[in-house]
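Read off the chains here:
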Amino acid sequence: MGLILVTGGAGYIGSHTCIELLSAGFELIIIDNLANSKRESLRRVEQISGKSVLFEQADIRDKQQVSKIFAKYSIDAVIHFAGLKAVGESAEKPLAYYDNNVAGTVALCEVMEEYQCTKIVFSSSATVYGEKAPIPYVETLPTAASNVYGRTKLMVEEILKDATAKPDSSWCVSLLRYFNPIGAHPSGMIGEDPNGIPNNLLPYVAQVSVGKREFLGVFGDDYPTQDGTGVRDYIHVVDLAKGHVAALKKLLTASPGWDAFNLGAGRGISVLEVVKAYEQACGKPIPYKILPRREGDLAEFYADATKAKTELGWEVELDIDAMVADTWRWQSSNPEGFPSE
């Protein structure tokens with residue numbers, strides 16, 4: 001099937017995608033600097049899949065290091081996850097985000113081009129649609145970004161589009177715009193293991209459920225939604241991982257150019273609906289407090305995922321009950337996340 005390089009493959013979405021790639025018959029080499037992930041996740045990927053993966057601890061910004069890896073292996077395509085991903089932190093550390101996410105991608109692509117490996121699936125985000133886009137979001141909407149994290153994703157999209165536009169370009173680019181991935185592998189062996197205080201809803205809920213956090217803060221209950229809390233398009237991380245496999249398969253036989261796909265469920269779920277579903281899964285109440293709205297938060301957004309279904313043959317299969325049950329299985333089995341190295 002070919003050798004696929006997965007950058008950031010030890011992370012939350014990367015590790016789940018590695019399992020689905022191995023299941024589909026691909027061979028993998030993973031680059032990760034382990035800044036926000038642990039080597040243990042890849043050991044568990046091997047355990048779950050019964051297959052081995054190649055691993056190189058490296059930073060994509062280090063062109064010399066990355067070049068050695070491309071010289072050593074015959075790589076057919078790249079799935080690019082590596083990068084920083086917290087919206088709040090991006091406002092506090094903009095230069096670090098531009099360095100990691102934008103400069104890192106440029107360095108990676110320069111090495112790819114040098115070794116004539118010009119097929120890349122990029123882990124983008126629904127944040128590229130900005131704050132004023134009408135819902136549901138469709139891929140033909142104009143792009144804009146209202147925070148540093150979103151701008152780094154949008155800049156990388158534009159860089160990759162420009163690479164495909166140059167004369168005689170061989171670049172084949174698939175831009176996957178995620179909505180809100182949650183859940184964990186049904187084995188309970190891998191899941192989301194954020195450093196420090198979680199930035200996303202479900203990991204925070206999960207840590208409250210095992211006593212690591214006292215309560216959940218719900219930012220705003222006066223939005224024009226069914227229960228006043230924010231509504232988001234939540235997607236099971238396993239479904240998201242399968243979306244990458246579908247995009248990769250299409251990319252491997254594609255002509256040069258770029259395409260963008262929304263990977264979402266196409267429907268919204270409120271914060272309190274997620275909390276109530278999780279309470280059912282774990283069998284205990286999740287204490288929460290209503291806090292003021294956060295600046296920049298939208299009342300709701302969700303995907304139109306028709307294009308992914310039509311062109312990739314992909315659609316979500318797992319519902320909110322599976323998302324919370326699998327999260328609870330992971331968190332209750334691993335209350336402290338992955339063990340430290």
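Everything below is about the structure printed above this text.
For clarity, every value in this text was computed on a predicted model and none was experimentally measured.

(A) Examining a nonpolar patch on the surface more closely. Taken together, Val106, Met155 and Ile159 make up a surface patch of nonpolar side chains, about 200 Å² in accessible area. Here methionine 155 lies in helix H6 (residues 148-165). By relative accessible area, which is 36% here, methionine 155 ends up partly exposed.

(B) Structural context of the pattern of salt bridges. In total, this model carries 19 salt bridges according to the counting rule given. We note a salt bridge from aspartate 59 to arginine 61, for which the minimum N-O separation is 2.7 Å. Because the salt bridges share partners, they merge into one network encompassing Glu40, Arg43 and Arg44.

(C) How the structure looks around the sheet that holds strand E14 (residues 300-301). Across the sheet, three strands lie side by side as E12-E9-E14; this open sheet has mixed pairing. The sheet is open, and its two borders are formed by strand E12 (269-270) and E14, each paired with just one other strand. With two bridges connecting them, strand E9 (residues 231-232) and E14 associate as parallel partners. If you follow arginine 232 over to E14, its bridge partner there is phenylalanine 301.

(D) View of unusual backbone geometry. Backbone torsion omega between isoleucine 135 and proline 136 reads 0 degrees, so that peptide bond is classified as cis. Mapped onto the fold, proline 136 is located in the loop between strand E5 (119-125) and H6. Although it is not a glycine, aspartate 168 sits at a positive phi angle of roughly 55 degrees. Of note, aspartate 168 is situated in the loop between H6 and strand E6 (172-178). Accessibility expressed as a relative area gives 81% for aspartate 168, which makes it exposed.

(E) Seen up close, the packing of helix H3 (residues 63-72) against helix H5 (residues 94-114). Contact geometry of H3 with H5 gives a least axis separation of 10 Å together with a crossing angle of 35 degrees. The interaxial crossing formed by H3 with H5 has right-handed handedness. Here Lys63, Val66, Ser67 and Phe70 of H3 come into contact with H5, specifically with Ala107, Leu108, Glu110, Val111, Met112 and Glu114. Its residues assigned to classes, the contact of H3 with H5 comprises six nonpolar, one polar and three charged.

Rules used in this analysis
- Residues numbered from 1 in each chain as written.
- Predicted model: local features only at pLDDT ≥ 70, side-chain atom pairs only at ≥ 80, totals over all residues.
- Heavy atoms only, no water.
- Patch = residues over 30% accessible without salt bridge, like charges linked within 9 Å, V, L, I, M, F, W, Y side chains within 5 Å.
- Areas by Shrake-Rupley, 256 points an atom, 1.4 Å probe, with all protein chains shown as cover.
- Salt bridge = Lys/Arg side-chain N within 4 Å of Asp/Glu carboxyl O.
- Helix = DSSP H or I, 4+ residues; strand = E, 2+ residues; numbered from the N terminus.
- Buried < 20%, exposed > 50% of the residue type's maximum accessible area, 1.4 Å probe, protein only.
- Pairing = 2+ DSSP bridges.
- Axes fitted to C-alpha atoms, helices over the stretch in contact; angles between N-to-C directions.
- Left-handed = near helix turned anticlockwise from the far one by under 90°.
- Contact = heavy atoms within 4.5 Å.
- Nonpolar A, V, L, I, M, F, W, Y, C, P; charged D, E, K, R; others polar.

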